[in-house]
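Topology and contacts: notes
Below, each chain spelled out in residue letters.
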Amino acid sequence: MKKILISDPIDKNCISILQSYGYSVLYKPGMTPEQISTEIGEYNALIVRSETKVNAAMISKMSSMEIIGRAGTGVDNIDVETSTRHGIIVMNTPGGNTISAAEHTMALMLSMCRNVPQANMSIREHKWERKKYQGTELSGKVLGVIGLGKIGREVATRSKAFGMKIIGYDPLLSSETASKYGIELKDLDSLFATSDIITLHVPLSAETKYLISSENLKKCKQGVKIINCARGGIINEEELVDALDFGKVSAAALDVFEKEPPDFSQRIFNHPKVICTPHLGASTEEAQEKVAVQIAEQIHEFFESKKMYGVVNAVGLEALSKKEILPYVTLAENIGKIYAQMIRYPLKQINIYFSGEMLQSSSSVLSSAVLKGLLSTLLTEHVNIVNSKILAKEMGVKVNETNSEENSNYLNLLSVEFLTDSERKYFAGTVFGNNEIRIVRIDDYFLEVKPEGYLLFYTNIDKPGMLAAVGQILSDAKINIAGLSLGRLEEGKEALSVMNVDNQIDEKVLSKISMINGVTKVHSVRI
Ligand code: NAD
Ligand code: MLT
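A few points on the structure.

Thresholds, definitions, all that
Residues numbered from 1 in each chain as written. Chains lettered and ligands numbered in written order. Predicted model: local features only at pLDDT ≥ 70, side-chain atom pairs only at ≥ 80, totals over all residues. Heavy atoms only, no water. Near = heavy atom within 4 Å. Polar contact = N/O pair within 3.5 Å; in protein donor to acceptor, adjacent residues only side chain to side chain. Areas by Shrake-Rupley, 256 points an atom, 1.4 Å probe, with all protein chains shown as cover. Nonpolar A, V, L, I, M, F, W, Y, C, P; charged D, E, K, R; others polar. Domains from an automatic or database assignment. Salt bridge = Lys/Arg side-chain N within 4 Å of Asp/Glu carboxyl O. Helix = DSSP H or I, 4+ residues; strand = E, 2+ residues; numbered from the N terminus. Buried < 20%, exposed > 50% of the residue type's maximum accessible area, 1.4 Å probe, protein only. Patch = residues over 30% accessible without salt bridge, like charges linked within 9 Å, V, L, I, M, F, W, Y side chains within 5 Å. Lys, Arg positive; Asp, Glu negative; His and termini not counted. Charge placed at Lys NZ, Arg CZ, Asp CG, Glu CD. Axes fitted to C-alpha atoms, helices over the stretch in contact; angles between N-to-C directions. Parallel < 35°, antiparallel > 145°, perpendicular 65-115°, else oblique. Left-handed = near helix turned anticlockwise from the far one by under 90°. Contact = heavy atoms within 4.5 Å.

Describing the site of ligand 1
The environment of ligand 1 is formed by 26 residues, the closest being K150, I151, D170, V202 and D255. Interatomic distance of 3.4 Å between a backbone N/O atom of G74 and an oxygen atom of ligand 1. Contact distances for ligand 1 include 2.6 Å between an oxygen atom and a side-chain N or O atom of D170. Against a free-state accessible area of 860 Å², the protein chains account for coverage of 86% of ligand 1. Classifying every residue of the shell around ligand 1 by side-chain character gives 12 nonpolar, nine polar and five charged. A domain split of the shell around ligand 1 shows at least three residues from each of domain 1 (1–93 + 282–312) and domain 2 (98–276).

If you want it as structure tokens, here you go:
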């Protein structure tokens, strides 16, 4: 039975769904990192929100871990790189709190422009300060949205209804999609120069750290207003306060902070032009229920049928959810395994070619599968489809993925070329019907090999008696031949033979076969 630890407070539906599927669930919010590290070894999944910091030290104790699930969006509390290195899937719940975060952004925008929190405080002190809290309209203002993902686009849609002009910056969004949402795309500097209000909806990354800094604020309109409902650290809080003091920024609304819970003595928490909420963007009944249900179902889907939704660290693995790609994944893995048992020189480069629409749309997962087959045969550490690319990179093996249109004989053809300093090995394979996996080319030889069980590969001079000689040695060793495929370039020249046999061929038998006059390059392979 799979064991799941939930170490942050979460909606009760998450626990009941997982228990109804028969998992053993420990719900223990508030555990210290030390307590988690001590207990985590036996768990197969960990569910967190943002409180638990899943760092490298904790990950190093995760000997059975398969998935770390984040009930929410931002995964900056999880060391994703180290998780990937350990072959652990990290998934979030995309979309579960999008509407709540977008609505909270609107709440902040309206409150900031109409001084609602300050006026509320003043009236509670029994003051009637109508002039002091005069505000500004949204209508007619330019809203600059940085990050036009799920939340950024929802904010744009809602702000448009308030009569705002929406401009945006996001390196991924096409201008066609942007215009469907009524957003005019700009470069970052133009966005800074023309926005009346800037709202941030990007993840925290090396590129977005301190995106709002003195340097960029200098590029902004006098009196610009800033909203951050994304992540602390995207704004340099000290430099924002300076800009507020100089009047460059007229107001700021913040839901997230560089340090959470914060140090309230910081200037930002005591500035009259700043309104704050304690990271409430996703704090609605609806969002908390949605993300809790979503993470429970996603984890179950993975454990039950390897389906992957919301995976953030192994892009392309969602392709494994398509049934028809699975035999190609096996083919890819088996090509990797076969070559791993033939390799003689240090591998430099692997070129993988995808022919056919289905393979092209799943290229990333197929490459990972080739690398998994190769590396799991060669390395002692645990290799899976999540960490195989990272391990290949660490070993300095260059992997190129290319869509190829050249093949005309097969609907889908996967070709893999392994390059060392002194040799090149090439395999191509396909799947016949639903599940008939075949290697149809090895180097320049066209043949039809079932890549399964025990295989014997050898080249020989194309002349009578060669097959009989090999067959005799196998027969003497009581090894039955289950299948045979032959390929040759020209009559009387070199030929390649591949046999499926029923047992492992030991070194003694192999060396006898190698000694047959005219037989070369003998390899025994086990899949
Ligand atoms: P998303 O992945 O759908 O969108 C993020 C967008 O940012 C993407 O389109 C991406 O291309 C863009 N982007 C990345 N780097 C960029 C850069 N340097 N410049 C411009 N654009 C860049 O994510 P989302 O669900 O919309 O979430 C957005 C942010 O909101 C995240 O930081 C998330 O953690 C945060 N969030 C906060 C709360 C909250 O409680 N306050 C709730 C949910 C999400
Ligand atoms: C998120 O990234 O999903 C939000 O910040 C909300 C949360 O931390 O749960």
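Focus on the pattern of salt bridges
Oppositely charged side chains can form a pair if their charged atoms are brought close together. Under the criterion given, the structure shown has 27 salt bridges. For E154, the salt bridge is made with R158, and the minimal N-O distance between the two is 2.7 Å. Taken together, the residues E154 and R158, both in helix α7 (residues 150–161) and four residues apart, mark about one turn of the helix. The salt bridge involving R267 is made with D245; its shortest N-O contact spans 3.6 Å. One end of the pair, R267, is in the loop between β11 (249–254) and β12 (274–276); the other, D245, is in helix α11 (residues 237–246), and 22 residues separate them in sequence. Since its relative accessible area comes to 47%, D245 is described here as partly exposed. Taken together, the salt bridges that share partners define one network made up of E238, D242, D245 and R267.

As for the site of ligand 2
Neighbouring ligand 2 are R49, S50, R70, G72, T73, G74, N97, R231, H279 and A282. S50 places a polar side-chain atom, nitrogen or oxygen, 3.3 Å from an oxygen atom of ligand 2. Relative to its unbound accessible area of 260 Å², ligand 2 is 91% covered by the protein chains.

A word on a negative patch on the surface
On the surface, E103, E285, E286 and E289 cluster together to form a negatively charged patch. With three residues, helix α12 (residues 285–305) is the largest single contributor of residues to the negative patch. With respect to the helices and strands, the residue E103 is situated in helix α5 (residues 98–113).

Topic: the packing of α5 against α7
As a packed pair, α5 and α7 sit with axes 9 Å apart at the nearest point and diverge in direction by 50 degrees. When the axis of α5 is compared with that of α7, the two are oblique. Considering only the axes of α5 and α7, their crossing is right-handed. Only K150, I151, E154, V155, R158 and S159 of α7 make contact with α5, whose side of the interface consists of T98, I99, A101, A102, E103, T105, M106 and M109. Taken together, the residues of the contact of α5 with α7 break down into seven nonpolar, three polar and four charged.

Some thoughts on unusual backbone geometry
Here the residue pair E260 and P261 is connected by a cis peptide bond, since its omega of -10 degrees sits within 30 degrees of zero. Mapped onto the elements, P261 comes out in the loop between β11 and β12. Even without glycine at this site, K521 takes up a positive phi of about 45 degrees. As for its position among the elements, K521 is in strand β22 (residues 519–526). With relative accessibility at 52%, the residue K521 sits in the exposed group.

Scope: geometric values only; no functional claims are made or implied.
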